[in-house]
Amino acid sequence: LVGDSPSASMLTPSTVKQLISSKGADPDAAFRVLPSSFVPPQARRVLVEHLEREHAAKPEEDLKLTLSHAELAALIGTGLADDVVHEFGKCDKIRLRRCEAHGKSINLHTDFHRRTMQVPLNGDDEYDGGKLVYVNKYGLHWPRRAAGSATVHDNTILHGVSELKAGVRYSLFLQEE
């Protein structure tokens, strides 16, 4: 990925089509964005604090923690955990992620998991780079990712993350195998 905005990587429609085809993605694939009120500030704060405690014990630049539904409920409350999982639907895996892998990106790809929901626990204005991009026949889409919002996509859409230049990204992931 080059740059962090639509103007940074202007691609022609034929280039977009070739890129999607080369990665085995669906040109008609879409994603959806849930509002920033989806996961409230107190719950995000608790999850970030949990990640920071785990990071202190196990310092990694890209820390990924798998949680059970019960562990998520213990952290943010049963009602909210149930609401998050219900909004997503069938959920086989819950993960928290703390990433400060500066200088690294996630190349464009399609997922192995059937569906993914990603909830940013901090806003994309709190770190430099690390922007999510989706690619379909309409071009590049860089959704604004306010803290507590969510993006949901399936394994047919091409997507990636631009280079993280500074700061830390905190996320909650739900995945369907």
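Residues numbered from 1 in each chain as written. Predicted model: local features only at pLDDT ≥ 70, side-chain atom pairs only at ≥ 80, totals over all residues. Heavy atoms only, no water.

A.B. asks: In this structure, what is going on with the sheet that holds strand β1 (residues 31-34)? I would like to understand it.
C.D. replies: Adjacent strands of a sheet form backbone hydrogen bonds with each other and so pair up, either parallel or antiparallel. The six strands lie next to each other as β1-β9-β5-β12-β3-β2, forming an open sheet whose pairing is antiparallel. The open sheet is flanked by β1 and β2 (62-67), the only strands paired with a single partner. Ignoring strand direction, the axes of neighbouring strands in this sheet form an average angle of 20°. As paired strands, β2 and strand β3 (residues 93-99) are joined by six bridges and run antiparallel to one another. Across the sheet, Leu 65 pairs through a bridge with Leu 96, a residue of β3. Here helix α3 (residues 69-76) sits on the sheet in contact with β2, β3 and β12 (169-176), set at roughly 105° to β2. (Pairing = 2+ DSSP bridges. Helix = DSSP H or I, 4+ residues; strand = E, 2+ residues; numbered from the N terminus. Axes fitted to C-alpha atoms, helices over the stretch in contact; angles between N-to-C directions. Contact = heavy atoms within 4.5 Å.)

A.B. asks: Honestly, the environment of Leu 158 in this entry has me stumped. Any pointers?
C.D. replies: Mapped onto the secondary structure, Leu 158 falls in strand β10 (residues 158-161). Taking relative accessible area as the criterion, Leu 158 reaches 0% and is therefore assigned buried. For the pair Leu 158 and Ala 25, spaced 133 residues apart in the sequence, the C-alpha separation amounts to 5.7 Å. Ignoring sequence-local partners within four residues, the contact set of Leu 158 consists of Leu 19, Ile 20, Lys 23, Ala 25, Leu 108, His 109, Thr 110, Val 133, Tyr 134 and Val 135. (Buried < 20%, exposed > 50% of the residue type's maximum accessible area, 1.4 Å probe, protein only.)

A.B. asks: In this structure, what is going on with the side chain of Arg 44? I would like to understand it.
C.D. replies: You can see Arg 44 is positioned in helix α2 (residues 41-57). One buried charged residue, Arg 44, remains without a salt bridge, the closest side chain of opposite sign being Glu 126 at 6.9 Å. (Lys, Arg positive; Asp, Glu negative; His and termini not counted. Salt bridge = Lys/Arg side-chain N within 4 Å of Asp/Glu carboxyl O.)

A.B. asks: What is the right way to read the pattern of salt bridges from this model?
C.D. replies: It is possible for side chains bearing opposite charge to pair when their charged atoms get close. The final tally for this structure, using the stated rule, is 12 salt bridges. For Lys 104, the salt bridge is made with Glu 61, and the minimal N-O distance between the two is 2.4 Å. Note that Lys 104 is positioned in the loop between β3 and β4 (106-109) and Glu 61 in the loop between α2 and β2, a separation of 43 residues in sequence. By relative accessible area, Lys 104 is classed as partly exposed at 46%. Taking the shortest distance from any N to any O, the salt bridge between Lys 93 and Glu 177 comes out at 3.9 Å.

A.B. asks: Would you mind showing me how to read the environment of Ala 146 here?
C.D. replies: With respect to the helices and strands, Ala 146 occurs in the loop between β8 (139-141) and β9 (150-154). Residue Ala 146 is classed as partly exposed on the basis of its relative accessible area, which comes to 24%. Residues Ala 146 and Glu 126 lie 20 residues apart in sequence; the distance between their C-alpha atoms is 9.8 Å. With sequence-adjacent residues up to four places away left out, Ala 146 is seen in contact with Ser 36, Pro 120 and Gly 123.

A.B. asks: Sorry, what's going on with the packing of α3 against helix α4 (residues 78-88) here?
C.D. replies: How two helices sit against one another is set out by the angle between their axes and by the gap between those axes. Two numbers describe how α3 lies on α4: the axes approach to 7 Å, and their chain directions differ by 130°. Considered as vectors, α3 and α4 are oriented oblique to each other. The two elements α3 and α4 meet at a crossing, and its hand is right-handed. For the pair α3 and α4, contact is made by His 69, Leu 72, Ala 73 and Ile 76 and by Thr 78, Leu 80, Ala 81, Asp 82 and Val 85, respectively. Looking at the contact of α3 with α4 residue by residue, the classes come out as six nonpolar, two polar and one charged. (Parallel < 35°, antiparallel > 145°, perpendicular 65-115°, else oblique. Left-handed = near helix turned anticlockwise from the far one by under 90°. Nonpolar A, V, L, I, M, F, W, Y, C, P; charged D, E, K, R; others polar.)

Taken by themselves, the reported measurements are silent on function.
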